[in-house]
Amino acid sequence: MTAASKEIVADAADRLFTAIEKGDVAAVDRMWSEDITVWRAGARRDSSAPDGKARALRVIDWFIGATTERHYEILDRQFFEGGFVQQHVLHATGHAGQSISMRVCIVIRVGPNGRLDRIDEYFDPAEIAPLMG
């Protein structure tokens, strides 16, 4: 399988973060391959097929539902063949007015069709605690 071009990867990155900012879970679902593998800090194992996509989408759905607004402050984005590494600060506001500014490093692999195949997300899980309750 050939890797996605830099243009396809850049477009996928922009569409993903815009969809989350807008709260569009359906758009995120369409962007992810059916057998996407997701790993996030604090997880003991990858979320992968057969139920990995559904589990990862539940996390996105929860996050969007727990917040009234979301914004990515992109600090750096570097491309590699078939993917990218991005450092950003995720700013979000919860329904009770609580806010987070969470520093994240994310590594995403994009297939030649522009759909995301793998996500590895590094952050301090304690930083999302204000949204938990």
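It should be noted that the structure appears before, not after, this text.
Residues numbered from 1 in each chain as written. Predicted model: local features only at pLDDT ≥ 70, side-chain atom pairs only at ≥ 80, totals over all residues. Heavy atoms only, no water.

Visitor: Can you tell me about the packing of aromatic side chains, naming the residues and giving the values?
Guide: Inspection of the entire model under this criterion finds four aromatic pairs. Summarising the aromatic geometry, the rings of Phe17 and Phe84 are spaced 6.4 Å apart at their centres and angled 80 degrees between planes, so their arrangement reads as edge-to-face. Separated by 67 residues along the polypeptide, Phe17 in helix 1 (residues 6–22) and Phe84 in strand 3 (residues 83–94) bring together distant segments of the chain. Comparing Phe17 with Phe84 shows no difference in burial state: the two are buried. (Phe/Tyr/Trp six-rings, centres within 6.5 Å; stacked < 30°, edge-to-face > 60°. Helix = DSSP H or I, 4+ residues; strand = E, 2+ residues; numbered from the N terminus. Buried < 20%, exposed > 50% of the residue type's maximum accessible area, 1.4 Å probe, protein only.)

Visitor: Kindly report on the pattern of salt bridges, identifying the contributing residues and their values.
Guide: Taken as a whole and assessed by the stated rule, the structure comprises seven salt bridges. Asp29 is paired through a salt bridge with Lys53; the nearest N and O atoms lie 2.9 Å apart. Taken as a pair, Asp29 in helix 2 (residues 25–31) and Lys53 in helix 3 (residues 52–66) lie far apart in primary sequence, 24 residues in all. Using a relative accessible area of 7% as the deciding quantity, one classes Lys53 as buried. One salt bridge connects Glu34 with Arg115, and the closest N-O pair in it is separated by 3.5 Å. Note that Glu34 is positioned in strand 1 (residues 32–40) and Arg115 in the loop between strand 4 (99–110) and strand 5 (116–122), a separation of 81 residues in sequence. What makes Glu34 exposed here is its relative accessible area of 57%. Linked through salt bridges whose partners overlap, the residues forming this network are Asp29, Glu34, Lys53 and Arg115. (Salt bridge = Lys/Arg side-chain N within 4 Å of Asp/Glu carboxyl O.)

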